[in-house]
Amino acid sequence: MQNIPFRLGWLVLPLVLLQLFFSEPQTSTLSVRVTRPTSVLHKNSSLSRADSTTKTWYKNSVIYTLDVEVFYDSDGDGIGDFRGLTQKLDYLKSLDIDAIWLAPFQPTPNKDDGYDISDFYGIDKRFGTFNDFSEFISEAKKRDIRILMDLVINHTSDEYSWFKASRKSKDSPYRDWYVWKSKQPANQNKGMVFPGVQKEIWTLDSLTNEYYLHRFYNFEPDLNAQNPEVVAEVEKIIKYWLKKGVAGFRLDAVPFYIEVPQTKGENFEHEYDKLVQMRNWVKEVRPDGVILGEANIEPKENMNYFGDKGQAMNMMFNFYVNQHLFYALASGEIKSLTKALEATKDIPQPVQWAQFLRNHDEVDLARLSNNQREKVYKEFGPDKNMQLYDRGIRRRIAPMLHNQKRLALAYSLLFSLPSTPVIRYGEEIGMGDDLTLKERESVRTPMQWINAPNAGFSTASKTVRPVISQGEYGYSHVNVKSQEKDPSSMLNWVRQLIHLRKSNPQIRQGDWKILDSGSPNVLVMQYEWNGSGLVLIHNLDEETQKVELKAKDAGGDMLFDLISKKKNEANEKGLYQLTMPGYGYAWYRIGNESVLPNKQD
Ligand code: GLC
C-alpha cells in the first residue's frame, strides 16, 4: 500500500505526488489524469444556479459544515466569530458550495461544544452580535449561499433558565418542560448515547429528589416533547430563526426528540407525526426551507422519518451507507456497500439523502457486525485512544486513510453517490486530528488557512482549541493557501469534484443501478436521466483490477471520460475491458461529451 503523507509529497516529491494522486485510472484504451482547466474552478455552474430557485434546490447542492468557533477569528480573541466567517465567504463561494450548515452558535456553557444550549433565541457573545449574524446572512445571500443551522431541541443545557425553574420545585410552571420520575427508573443505566463516558440516562437531582431524563450527558436534560407547551416553543424557535434568514435546520438527535419517554427497556416508541408538523412550520415561513435530520436508523425505518410521500424530513444523513462505506474502504470489498445503497434506495421523490464521509462526531460503526467493526478499527483506528463510545473512531478522514490515492478515491466516491454531498471544514485540505484532546474534540481543531502562527486562524496567543502545528498534518504542511496554488492538491480535487457533480444532474435526478463489474472490489454505478447517462467506476482495492462491462448494460457503445476528455469504445464483442489501477476511479458519460439531459428540473 502507498503510504505517502501530504507533507512528504509537497516537500520532497511534488512531481511523484502529482503522479500518485491523480494518475488513475489506467484503462486498456485510455489513461485518465485529472486535467481540469483552471477556468472552471471559480465559476459557478449554470446548472446549480438554475436549481437554486426551486423548492428542491438541495438535491443538486453541496453542503459545507463548519463551527463558527474554530473557523476564523476576526478580532484576535482566539475564538472564531461571525465577522471572521463573513470574511471567508468568498473562499467558500470559490468552492461552489450552495449551503452552509452551522454548528450551534447560541449561548452555551460549552460543555458539549455548544450542543448544550442555554438560550435558544440568542447568539453566543463570543461569536459576535445579532448585527454580525445578520450581516453574515445577507452577505451569504448575495453569494447565493443558503444557511442551515443546528436545531437542538431534544434537550437544553442544565443552565437554561427553564431547567433551573423546573428543578426548583415540583410545582414549578416549568416542571413538566422536562421529564421527571419520583422512583428510580429500571432503565437508569440503559440506552446511554455516550457509553463509557455517560453513566446513566436518569440522574437524581438533589433539589427535589427526583430523577430527570437525559439521553445524552447529565448536563443536557431532555425537554418533554409530550408537553404541548414545549412543542409550541419549538414552533416558535423554528419560525424565529427562519425569519432571521436561515434556510432550514440540521435537526439534532431526531429519534430522541420524537421518542416517548419510558422508565423500562431501551427501545422507545416514536411519534413520527412530530416531524411532519415541524416540516409544515418550516414551509409556512419558507417554502424552500429544509429539515436535514440526524437519525442514525435502520433502513426499515427510513419511510417513518421521510414520510411515505416525503412529507416529513426533506433530507437525512445516510449513516447506514456511511458505515458500510468505511467497511468497504477498510476491506477493499464493495459487497456491504452495495447492499447498503440498495437498502436505502427507495425514497419518495421530493426527499434526498445527505452523504458525508466525516462529521463533527465519531465515525459511528454501531450498525456493522462485530467482525466488520473490528476490521475497520484495525485498518483506520487501531489504538484504543482512536476509538470512542465502544462503537466508533474519533479521527479525521485524511489520517485515517493515510494514503492520498485512497483519499482521492473516497472523495470521488462520495460525490458519485445518489445523495447530497456534505463536506466538513478542513476536509477539503485533508486536515488531521489531535488525539490529545478529549472525546470528539480531536476532530474539532481550528481551520488551517496559511503557514503562519495559529495557521492564520487567529492572532491571539491562546486559541479556543489548539491548532494542529506539529507533524505531517501541521499547518505548515496542510493549509488552504498552499493548496490554492497547487493544481494537484486535495483542495483543487474537491473543487473539481464539485464541478463534476454539478455538471451532471443525472446523479441527483436520475435512476441508478449497480452494474456487475466482475470484480468484488470495483463499484460500477450507472445513472440515467432524460436521455443521458453516466457510468462511474471506483476500485476500492489497492491492487489493479480488471473490469468487464457489457456495452448494452452500460447503456451505449461509447464512453466519454469526463476527467481525461478521452473516448473509450466497446470492442467488437460489445464489451468494455477496463483495467482499473489500485484505488482508481473514472467518471464516464455514456455516448459523446455533448449528450446532456434533455431538460432541467
Ligand atoms: C448530536 C450531535 C452531537 C451532540 C449530541 C447531543 O448527536 O451531533 O455532537 O453531542 O447530539 O446534542
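One structure accompanies this document, and this report is about it. (Residues numbered from 1 in each chain as written. Predicted model: local features only at pLDDT ≥ 70, side-chain atom pairs only at ≥ 80, totals over all residues. Heavy atoms only, no water.)

**Section: the sheet that holds strand S6 (residues 210-213)**
Spatially, S4-S6-S5 is the arrangement adopted by the three strands of the open sheet, whose pairing is antiparallel. The outermost strands of the open sheet, each flanked by one partner alone, are strand S4 (180-181) and strand S5 (202-205). (Pairing = 2+ DSSP bridges. Helix = DSSP H or I, 4+ residues; strand = E, 2+ residues; numbered from the N terminus.)

**Structural notes on the side chain of Thr-463**
Here Thr-463 lies in the loop between strand S14 (420-424) and helix H17 (480-485). A relative accessible area of 11% places Thr-463 in the buried class. Within the structure, the side chain of Thr-463 is placed 2.8 Å from the backbone oxygen of Arg-465, a separation counted as a polar contact. If we ignore the near neighbours within four places in the chain, the residues touching Thr-463 are Gly-78, Asn-454, Phe-457 and Ser-458. (Buried < 20%, exposed > 50% of the residue type's maximum accessible area, 1.4 Å probe, protein only. Polar contact = N/O pair within 3.5 Å; in protein donor to acceptor, adjacent residues only side chain to side chain. Contact = heavy atoms within 4.5 Å.)

**A closer look at the packing of aromatic side chains**
A full pass over the atoms with the stated rule returns 38 aromatic pairs. Centroid distance Phe-120 to Trp-162: 5.7 Å. Interplanar angle 50°. Geometry classified as tilted. With Phe-120 in the loop between strand S2 (99-102) and helix H6 (130-142) and Trp-162 in helix H7 (residues 161-168), this residue pair connects regions lying 42 residues apart in the sequence. Across this residue pair, the class does not change: Phe-120 and Trp-162 are buried. Between Lys-88 and the ring centre of Trp-449, over which it is positioned, the NZ or CZ distance is 4.1 Å. Across the ring face of Trp-512, the terminal group of Lys-345 is positioned such that the distance to the ring centre comes to 4.4 Å. (Phe/Tyr/Trp six-rings, centres within 6.5 Å; stacked < 30°, edge-to-face > 60°. Lys NZ or Arg CZ within 6 Å of the ring centre and 35° of its normal.)

**Quick look at the sheet that holds S2**
Within the closed barrel, the eight strands sit side by side as S1-S2-S3-S7-S8-S9-S10-S14. Their pairing is parallel. In this sheet, adjacent strand axes meet at a mean angle of 25° when their direction is disregarded. Bridge count between strand S3 (residues 146-151) and strand S7 (residues 248-251): four bridges; the pairing is parallel. Among the inter-strand pairings, Leu-148 is bridged to a residue of S7, identified as Gly-248. Most of the contacts of helix H8 (residues 228-243) go to S7, to which it runs at about 135°, and overall it touches S3 and S7. Against the sheet, helix H10 (residues 273-285) contacts S7 and strand S8 (290-293), and its axis sits at roughly 145° relative to S8. (Axes fitted to C-alpha atoms, helices over the stretch in contact; angles between N-to-C directions.)

**As for the site of the ligand**
Near the ligand you find 13 residues, and of these Asp-112, Asp-252, Glu-294, His-360 and Asp-361 are the closest. In the environment of the ligand, an oxygen atom lies 2.9 Å from a nitrogen or oxygen atom belonging to the side chain of Asp-252. A distance of 2.9 Å is found between an oxygen atom of the ligand and a side-chain nitrogen or oxygen belonging to Arg-440. A total of 310 Å² of accessible area belongs to the ligand in isolation, and the protein chains cover 96% of it. (Near = heavy atom within 4 Å. Areas by Shrake-Rupley, 256 points an atom, 1.4 Å probe, with all protein chains shown as cover.)

**Thoughts on the pattern of salt bridges**
Evaluated as defined, the whole model comprises 35 salt bridges. A salt bridge links Arg-465 to Asp-113; the shortest N-O distance between them is 3.2 Å. A residue pair is termed long-range when its members are at least 10 positions apart, and Arg-465 in the loop between S14 and H17 and Asp-113 in the loop between S2 and H6 qualify at 352 residues. Note on Arg-465: relative accessible area 6%, which makes it buried. A residue is classified by how much of its surface remains accessible, and Asp-113, at 10% relative accessible area, is buried. (Salt bridge = Lys/Arg side-chain N within 4 Å of Asp/Glu carboxyl O.)

The quantities given are spatial measurements derived from coordinates; they are silent on function.
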